[in-house]
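# Understanding the architecture of this molecule
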Amino acid sequence: MPKLIPLLFFQLIFISCSSQKHADLILTNVSIVDVENGEIIKNQLVAISGDKILATDDASDLGNYHSEQIISLNGKFVMPGLWDNHIHFRGGEELIEANQNLLPLLLRFGITSVRDGGGDITPAIYEWNNRIQKDELVGPRIFTPGPKLDGSRPAWEGSISVTNKEEAVEALDSLESIDADFVKIYDGNLTKEAFYQIIEEAESRGLKTTGHMPLSADLMEAVELGLDGTEHLYYPLKEASPIADSLTEAGTGYGMITPLMKSYDHELALESYQILGDRDFYVTPTLHVGKTLAELLIADHSKDSLLNYISPEITETYQRRLNSAKRGGDSYTQTRSLWVTSFSNMVKPMYDSGINILAGSDSGPFNSFTYPGQSLHKELELLVNAGLTPQEALITSVMNGPKFFGLDNLYGSIEPGKIADLLILESNPLEDITNTSSIYNVVADGKWYSEKALNDLMNSIKNN
Ligand SMILES: [Zn+2]
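Notes on the structure in this doc start here. Every value quoted in this text rests on a predicted model; they were computed, and no experiment measured them.

### Focus: the overall build of the protein chain
Helix and strand counts for the protein chain stand at 17 helices and 20 strands. Each principal axis of the C-alpha atoms in the protein chain carries an extent, and together these give about 75 × 50 × 40 Å. When burial is assessed residue by residue, the protein chain has 57% of its 464 residues classed as buried. Contacts spanning at least 24 positions in sequence make up 73% of the contacts within the protein chain whose residues lie at least 6 apart. Per element, the accessible surface of the protein chain, about 19100 Å² overall, is 49% carbon and sulfur.

### Focus on the coordination of the zinc ion
For the zinc ion, every protein donor is listed as His 86 (NE2), His 88 (NE2) and Asp 362 (OD), and the spread of their distances is 2.0 to 2.1 Å. Between consecutive donors of the zinc ion, the numbers of intervening residues give the motif H-x1-H-x273-D. Judged by relative accessible area, His 86 falls into the buried class, the value being 2%.

### Some details on the sheet that holds strand β17 (residues 356-357)
Taken together, three strands build an open sheet; the order of strands is β15-β16-β17 and the sheet is parallel. For this open sheet the edge positions go to β15 (229-231) and β17, each flanked by a neighbour on one side alone. Where β15 meets strand β16 (residues 282-284), three bridges bridge the pair, whose relative direction is parallel. Paired with Thr 230 across the bridge in β16 is Val 283.

### Topic: the pattern of salt bridges
Across all of its chains, the model carries 16 salt bridges by this definition. A salt bridge links Glu 127 to Arg 131, with the nearest nitrogen and oxygen atoms 3.5 Å apart. One end of the pair is Glu 127 and the other is Arg 131, both in helix α4 (residues 122-133) and four residues apart, which spans about a single turn. When its relative accessible area of 43% is taken as the criterion, Glu 127 is described as partly exposed.

### Describing the environment of Ile 414
Relative to the helices and strands, Ile 414 is located in the loop between α16 (390-404) and β18 (422-425). Look at Ile 414 and you get buried, because its relative accessible area is 8%. When near neighbours in sequence (up to four residues on either side) are disregarded, Ile 414 contacts Ile 32, Val 33, Val 46, Ile 53, Thr 56, Val 78, Met 79, Pro 80 and Leu 422.

### Concerning the packing of aromatic side chains
With the rule as written, the count across this model stands at 16 aromatic pairs. Summarising the aromatic geometry, the rings of Trp 339 and Phe 343 are spaced 6.3 Å apart at their centres and angled 70 degrees between planes, so their arrangement reads as edge-to-face. On the criterion of helical spacing, the pair formed by Trp 339 and Phe 343 is a turn pair, its members being four residues apart in helix α14 (residues 319-352). A relative accessible area of 11% places Trp 339 in the buried class. Here Phe 343 falls in the buried class, since its relative accessible area comes to 11%. Between Phe 404 and Phe 405, the aromatic rings sit 5.1 Å apart at their centres with planes inclined by 90 degrees, giving edge-to-face as the arrangement. On the basis of relative accessible area, Phe 405 is assigned to the buried category, the value being 15%. Among the aromatic residues, ring-to-ring pairing joins Trp 83, Phe 143, Phe 182, Tyr 282, Phe 404, Phe 405 and Tyr 411 into one connected group.

### Let's talk about empty space enclosed by the protein
This model, assessed by the stated rule, comprises three cavities of 30 Å³ or more. For the largest cavity, the calculated volume is near 70 Å³. The wall of the largest cavity is formed by 13 residues, among which Pro 80, Gly 81, Tyr 411, Gly 412 and Asp 421 lie closest to the centre. Empty space within the second largest cavity amounts to approximately 40 Å³.

### Looking at the packing of helix α5 (residues 165-177) against helix α6 (residues 192-205)
Helices that pack against each other are described as a pair by the angle of their axes relative to one another and the distance between those axes. Following both chains from N to C, one finds α5 and α6 inclined at 45 degrees, their axes separated by 9 Å at the closest point. By the criterion of interaxial angle, the relationship of α5 to α6 is oblique. In the packing of α5 onto α6, the handedness of the crossing is right-handed. Facing Lys 165, Ala 168, Val 169, Leu 172, Asp 173 and Glu 176 of α5, the residues of α6 in contact are Gln 197, Ile 198, Glu 200, Glu 201, Ala 202 and Arg 205. In the contact of α5 with α6, the residues fall into five nonpolar, one polar and six charged.

### Examining the pairing of β18
Of the two faces of β18, the one carrying Leu 422 and Ile 424 and the one carrying Leu 423 and Leu 425 are both buried. Of the pairings in the sheet, the one linking β18 to strand β19 (residues 439-444) comprises four bridges and is antiparallel in character. Paired with Leu 422 across the bridge in β19 is Val 443.

### Description of the environment of Ile 132
Counting through the fold element by element, Ile 132 comes out in helix α4. Expressed as a C-alpha distance, the spacing of Ile 132 and Ile 142, which sit 10 residues apart in the sequence, is 9.4 Å. Once you skip the residues sitting within four places of it in the chain, Ile 132 turns out to touch Leu 103, Leu 137, Val 138, Gly 139 and Pro 140.

### Quick look at α14
Between its first and last C-alpha atoms α14 spans 38 Å; for 34 residues at 1.5 Å apiece the expected length is 50 Å, and the helix comes up short by more than 12%. Within α14, the axis deviates most sharply at Gly 329, by approximately 110 degrees. A positive phi of about 95 degrees marks Gly 354, the residue just after α14.

Basis of the calculations
- Residues numbered from 1 in each chain as written.
- Predicted model: local features only at pLDDT ≥ 70, side-chain atom pairs only at ≥ 80, totals over all residues.
- Heavy atoms only, no water.
- Helix = DSSP H or I, 4+ residues; strand = E, 2+ residues; numbered from the N terminus.
- Buried < 20%, exposed > 50% of the residue type's maximum accessible area, 1.4 Å probe, protein only.
- Contact = heavy atoms within 4.5 Å.
- Areas by Shrake-Rupley, 256 points an atom, 1.4 Å probe, with all protein chains shown as cover.
- Donors = N, O, S within 2.8 Å, 3.2 Å for Na, K, Ca; no water.
- Pairing = 2+ DSSP bridges.
- Salt bridge = Lys/Arg side-chain N within 4 Å of Asp/Glu carboxyl O.
- Phe/Tyr/Trp six-rings, centres within 6.5 Å; stacked < 30°, edge-to-face > 60°.
- 1 Å grid on protein atoms, 1.4 Å probe; cavity = no way out; pocket = protein on both sides within 12 Å on 5 of 7 lines; lining within 4 Å.
- Points joined across faces, edges and corners; volume = space filled by probe spheres on them.
- Axes fitted to C-alpha atoms, helices over the stretch in contact; angles between N-to-C directions.
- Parallel < 35°, antiparallel > 145°, perpendicular 65-115°, else oblique.
- Left-handed = near helix turned anticlockwise from the far one by under 90°.
- Nonpolar A, V, L, I, M, F, W, Y, C, P; charged D, E, K, R; others polar.
- Expected span 1.5 Å × (residues − 1).
- Bend = angle between axes of the 7 residues up to and from the residue.

Here it is as structure tokens:
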């Protein structure tokens, strides 16, 4: 309610001047989705100027505004553009163009911001971001950590090796020199000592840290040193088992995951989730990629329509996960299925403990059949299946995404001063989360993408 006061005040001045407020684009007769409060505000207009939202108002006050471009949307739902908080652009120089072709696909699915998981084509990502800003290229805004930080034998190409304090300092100097948005840590063979050194050094520089964690390390100690988040649920899982310490001492690596799940202690879990929640910690569950990988040997993807929009150079990378699934056979499927259920069960108590859950798809090269764009909608669905309300699931994407970067003043709601990244839907996403797929149009950075424009984007990346 207090929000109405400045608005009314403004209108009074406005009428007394008898001049209209100019906007570049006005969407009128819309229902605004207020994600924070879980409410729909009907019969509204959204006025956009440049890349920002200029005003929201009752549609009946359209006469107070002037614009060359007024679009009446007949009650359609306007929500903030989606954030996919864990995707990948990677695969080396030869895959740069194939990765670039994922950008229109993301926008087509209403994703206007992504958090990249770090990789080996950093200069290309910076170039895309520049060109997107200048309207020379169409795609979401990309937040990137640049290269991942890993041990002496990194799991992924392009990572920076850190084995001691000195190398942690050098690695962070180099990330700061490219103005990386955050620090992504990986656990190819990173030692726990180097892991802690990276966190301490990043904390002293005010850099955000997230990623994988060496399973030899202790999550709570890392959080104490300043770790801001973790990707996937392996590491919080370690806090939920009474036998975690003995498994860690035995050095079982990822072999400890199944025993950890089988010894999961709900009370122990809640205690540690509460500590993480109190520390404003971030966790990206990536449920959809887990489910897709679990079903690799049983699902038939040959008819997936989105395969037509993924470059063959990328679909070739799908073979790596497929081969490892085939090597594992039935036991691969059984183990992964147990993981799907166990990880899903962790989400709701984490959310309720105040942990900032982040919706992230883990889509991109190598992660088989996890299609950029569509997979974020699948992730939201799985978060609801895991117990979140549709409103809470939307919070994990459009509010927690910007919050991680301290950018909640610019994103996450349809309010004056916020960036005009909007998703226009046929149906109410607060009623049914699958309605996020009922996409009518997208506004990215203040620019309107009509249905035809979105279709043209898809045709521009279609194979053959
Ligand atoms: Zn990933």
